[in-house]
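# Architecture at a glance
What follows is each chain in one-letter form.
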Amino acid sequence: MVQVKINGCVLELVQGDITEQDTEAIVNAANEELIPGGGVDGAIHRKGGPEILKELREKYSRCPTGEAVITGGGNLKAKYVIHTVGPIYKDGKSGEPELLKKAYENSLKLALEYNINSISFPSLSTGAYGYPIEEAAKIALSTVIEFLKKNQAPELVRFVLWGEKNYKAFEKVLKNLLSS
Ligand code: ADP
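For the structure given in this document, a descriptive report is provided here. In this text the structure is predicted, and so the values were computed from the model without any measurement. (Residues numbered from 1 in each chain as written. Predicted model: local features only at pLDDT ≥ 70, side-chain atom pairs only at ≥ 80, totals over all residues. Heavy atoms only, no water.)

### So, the overall build of the protein
Of regular secondary structure, the protein possesses five helices and seven strands. Along the protein, from the amino end to the carboxyl end, the secondary structure elements read β-β-β-α-α-β-β-α-β-α-β-α. A compact globule built from 180 residues should have a C-alpha radius of gyration of about 16 Å, and the protein, at 15 Å, falls within 12% of that. In terms of its C-alpha atoms, the protein occupies a principal-axis envelope of roughly 45 × 35 × 30 Å. (Helix = DSSP H or I, 4+ residues; strand = E, 2+ residues; numbered from the N terminus. Rg over C-alpha atoms; globule rule 2.2 N^0.38 Å.)

What follows is the structure, encoded as structure tokens:
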């Protein structure tokens, strides 16, 4: 586990399962149709129960890439699930960096709107959507750091990385960002 302070807030990296987190909100790596898929999305709907999908269907028809929507957490420990859609990686020159940044920013903005003090992110886009982990980690971490410097909230932002390889990639990128 790594913990650093940014502008009075805590930025944390842990290796683990996003569905087990007890932060007020967890973020889902959703798709534009908001239809439960594999990876993080499948795990959240399985563990959270049907209430989450029911609320999605009632409130939203879809969620464009880079945007975010919010529901309750169903049976999860988290009170809220913020569903955001990262870009599908093509070649890195098709707007993917900007869209990935927007997905993190819009999730964080929604957290502020709902007075959410603690939030857990998975590494968006780096599973089925194919974003190279180090490039994605740079965007993920620099976007969160920039947001915390500007807004001094949420109090806790946790990245929950699946497996040692993803965790190590984030750890390395964070070290580089903080020393530069
Ligand atoms: P995307 O479609 O945005 O790529 P995925 O859910 O396929 O989303 O994968 C995003 C990242 O989340 C990948 O790095 C994957 O290894 C990781 N991951 C998969 N399951 C979990 C989980 N239960 N908790 C945290 N991270 C997970």
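### Describing the sheet that holds strand S2 (residues 9-15)
Strand order in the open sheet formed by seven strands is S1-S2-S7-S6-S3-S5-S4, with mixed pairing between adjacent strands. The open sheet terminates on both sides in strands that have one partner only, identified here as strand S1 (2-6) and strand S4 (68-72). Across the sheet, the mean angle separating the axes of adjacent strands is 20 degrees when strand polarity is ignored. Both S2 and strand S7 (residues 156-161) contribute to a ladder of six bridges, which runs parallel. Bridging from a neighbouring strand, Val 14 pairs with Val 160 of S7. Sheet strands in contact with helix H1 (residues 39-48) are strand S3 (25-29) and strand S5 (80-84), and its direction is about 130 degrees off that of S3. Along the sheet, helix H2 (residues 51-59) contacts S4 and S5; its crossing angle with S4, the most-contacted strand, is approximately 130 degrees. (Pairing = 2+ DSSP bridges. Axes fitted to C-alpha atoms, helices over the stretch in contact; angles between N-to-C directions. Contact = heavy atoms within 4.5 Å.)

### Examining the environment of Ala 30
Mapped onto the secondary structure, Ala 30 falls in the loop between S3 and H1. Residues Ala 30 and Gly 74, 44 residues apart in the sequence, show an inter-C-alpha distance of 16 Å. When neighbours within four sequence positions are excluded, Ala 30 is seen to be in contact with Asp 41, His 83, Thr 84, Val 85 and Tyr 129.

### What about the site of the ligand?
As a matter of local geometry, the ligand sits amid 15 residues, with Val 40, Ser 125, Thr 126, Gly 127 and Ala 128 nearest to it. Between the ligand and Thr 126, the relevant distance is 2.9 Å, taken from an oxygen atom to a side-chain nitrogen or oxygen of the residue. Separating an oxygen atom of the ligand from a backbone N or O atom of Gly 127 is a distance of 2.8 Å. In terms of residue class, the shell around the ligand is built from seven nonpolar, seven polar and one charged. (Near = heavy atom within 4 Å. Polar contact = N/O pair within 3.5 Å; in protein donor to acceptor, adjacent residues only side chain to side chain. Nonpolar A, V, L, I, M, F, W, Y, C, P; charged D, E, K, R; others polar.)

Nothing here speaks to function; it is geometry throughout.
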